[in-house]
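Overview (structure and organization)
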Amino acid sequence: MSAPLSLRQARRIALAAQSLHRERPTGLVSARAVGRTFDRLQLLQIDSVNVLTRAHYLPLFSRLGNYDVEILHRFAGKAPRRMVEYWAHEASYIRPDHFNDLRVWQKRKWVGASAMDPDTRDDLSARIMQALASSRPLSARAVAERIGHAEIRSTTQWGWNWNAAKRVLEDLFERGDISAAGRNAQFERLYALTGKVMPKGVDPSLRPEKHDAMVRLIDAAATAHGIGTLKCFADYFRIPLQPAAAALRQLLAEGRVEEVSVEGWQGPHYLHTEALRPRAARGRALLGPFDSLVFERRRLERLFHFHYRIEIYTPAAQRRYGYYVLPFLLRESLCARVDLKADRSAGLLLVKGAFSEADAPADTAVELAAELELMSRWLGLEGVRVEDRGDLAGPLKNLLAGHRRSSLVRPAGTKAEVDTSLP
């Protein structure tokens, strides 16, 4: 075991692994930069909540600033795809080279058609596969129309009122037989046969040996975390703990990871041997609730002494901080949290609550105000409005009052000034 690491060293290693340890690049954000950042993170979790913006857009903003989300759309929706949808931490955009490895370890039967009558399921599966073999990518609604499937839709289970065709589509997606070729304006998956979606070099007919697949996934997770526990690494892709432990033992034997001790931490922790060890962290970022740095809440508390829970499903009167709360990273600390909403009709980024941590640096309000202004520009909004909730509300309101737009930062979606060259 190597010399013990201080907590601050562990923090900087974790931030560097997630590309959050340095100031954002200046100038226009290229497709090359987006691709490199995504490759480093390995995945982007997808979530349908759109109170601020789609969850998978936020991690790239946190690391790159004012980038064009059309780059992400192109990476996921046009050949040769740099990212594809599949089950990972949850529903996620993943690197295509992880698809076959994840496929052999997925057990998300609850999302599909496992409880259906087998004959009905098999009949619908065959008809859907035949329809997709001879068509452009289709939404679930379009698939049902093409195969002539109609049924009365249940309204008894909000959020899961899928008809049989949709359940079979999700079953085929979980099995990896079909994939998402993109999303439409309603954020619905456009289904296609997996062979039509995967880029060259990824053969979906291959089934890797399960242990070898697990070794590659744990290696990727350890790279993305930099430092963590076995459970941290397994949680990154939501893969089973016991086979993950066997994979970690192999990586230890091969020298890809090493066991380390960290000041104040109990139990075994592991450091990827390629992890960066910066002497300082200078980053600044608002982190989405589904950002990969905050996936594992106990790890977050251990690293930053920051207790974080999503309160979306908490009754409004019982919420402590708000509905859609983003932690604020400043250099080496998570020093504040803000409840944000994009009021698109008014053209404003609403700060519904802003709260500092007990050990927040003296310049927290100044840096957070700058970050909120940058986010509003990226979202194409006209300004920021701060409501009177939280100890940072007053300082933020004063700092943002009368602030004029700069012409140096383009609104999100502007294409003319964006370098979209592929790496």
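Everything in this summary refers to the structure shown in the same document. In this text the structure is predicted, and so the values were computed from the model without any measurement.

**Some details on the pairing of strand E12 (residues 348-356)**
Counting buried residues along E12, seven of its nine residues qualify, which places the element largely inside the surrounding structure. The sheet contact formed by strand E11 (residues 333-343) and E12 spans eight bridges and is antiparallel. Of the residues in E12, the one forming a bridge with Asp339 is Gly353. Hairpin connection from E11 to E12: four residues lie between these consecutive antiparallel strands, with Gly347 at a positive phi of about 70°. For the crossover from E12 across helix H14 (residues 364-378) to strand E13 (residues 383-386), the handedness is right-handed.

**Remarks on the sheet that holds strand E7 (residues 257-260)**
Strand order in the open sheet formed by three strands is E6-E8-E7, and the pairing between neighbours is antiparallel. A strand with exactly one partner marks an edge of an open sheet, and here the two such strands are strand E6 (227-228) and E7. For E6 and strand E8 (residues 269-272), the ladder comprises two bridges, and the chain directions are antiparallel. Bridge pairing in E8 places Ile227 opposite Leu271. Relative to E7, helix H12 (residues 241-254) is tilted by about 100°, and along the sheet it contacts E7 and E8.

**Here's the deal with the pattern of salt bridges**
Considering all chains together, one arrives at 30 salt bridges under this definition. Ionic pairing is found between Asp291 and Arg63, a salt bridge with its closest N-O pair at 2.8 Å. Of the two residues, Asp291 sits in the loop between strand E9 (284-286) and helix H13 (297-304) while Arg63 sits in helix H3 (residues 58-64), which places them 228 residues apart along the sequence. For Lys397, the salt bridge goes to Asp388, with nearest N and O atoms at 2.4 Å. Take Lys397: its relative accessible area is 33%, and that puts it in the partly exposed class. What makes Asp388 exposed here is its relative accessible area of 68%. Each member of the salt-bridge network shares a partner with another, and the members are Glu85, Lys166, Glu170, Arg183 and Arg189.

**As for H14**
Between its terminal C-alpha atoms H14 stretches 21 Å, which fits the 21 Å expected from 15 residues at 1.5 Å a residue. In terms of burial, H14 is a largely internal element, 12 of the 15 residues being buried. If you check which residues of H14 are buried, you get Thr364, Ala365, Leu368, Ala369, Glu371, Leu372, Glu373, Leu374, Met375, Ser376, Arg377 and Trp378. Count one or two residues on from H14 and you reach Gly380, which has phi positive near 75°.

**Some points on the packing of helix H1 (residues 7-17) against helix H10 (residues 210-225)**
Between H1 and H10, the shortest axis-to-axis distance is 6 Å and the interhelical angle comes to 115°. Contact residues: H1 offers Ile13, Ala14 and Ala17, while H10 offers Thr223, Ala224 and His225.

**Focus on the side chain of Glu357**
Within the secondary structure, Glu357 is located in the loop between E12 and H14. Residue classification places Glu357 among the buried residues on the basis of a relative accessible area of 16%. A distance of 2.9 Å separates the side chain of Glu357 from the side chain of Arg337, its partner in a polar contact. Excluding residues that lie within four positions of it along the chain, Glu357 makes contacts with Phe306, Leu334, Cys335, Ala336 and Arg337.

**Brief notes about the sheet that holds strand E2 (residues 84-87)**
Pairing is antiparallel across the open sheet formed by three strands, whose spatial order is E1-E3-E2. Bordering the open sheet on either side are strand E1 (43-45) and E2, each of which pairs with just one other strand. On average, adjacent strands in this sheet sit at an angle of 35° to one another, irrespective of strand direction. Inspection of the sheet shows E1 paired to strand E3 (residues 91-94) by three bridges, in the antiparallel sense. In the strand pairing of E3, Leu43 is matched with Ile94. Relative to E1, helix H2 (residues 31-41) is tilted by about 85°, and along the sheet it contacts E1 and E3.

What counts, and where the lines are drawn
- Residues numbered from 1 in each chain as written.
- Predicted model: local features only at pLDDT ≥ 70, side-chain atom pairs only at ≥ 80, totals over all residues.
- Heavy atoms only, no water.
- Buried < 20%, exposed > 50% of the residue type's maximum accessible area, 1.4 Å probe, protein only.
- Helix = DSSP H or I, 4+ residues; strand = E, 2+ residues; numbered from the N terminus.
- Pairing = 2+ DSSP bridges.
- Right-handed = clockwise from strand over helix to strand, strands pointing away.
- Contact = heavy atoms within 4.5 Å.
- Axes fitted to C-alpha atoms, helices over the stretch in contact; angles between N-to-C directions.
- Salt bridge = Lys/Arg side-chain N within 4 Å of Asp/Glu carboxyl O.
- Expected span 1.5 Å × (residues − 1).
- Polar contact = N/O pair within 3.5 Å; in protein donor to acceptor, adjacent residues only side chain to side chain.

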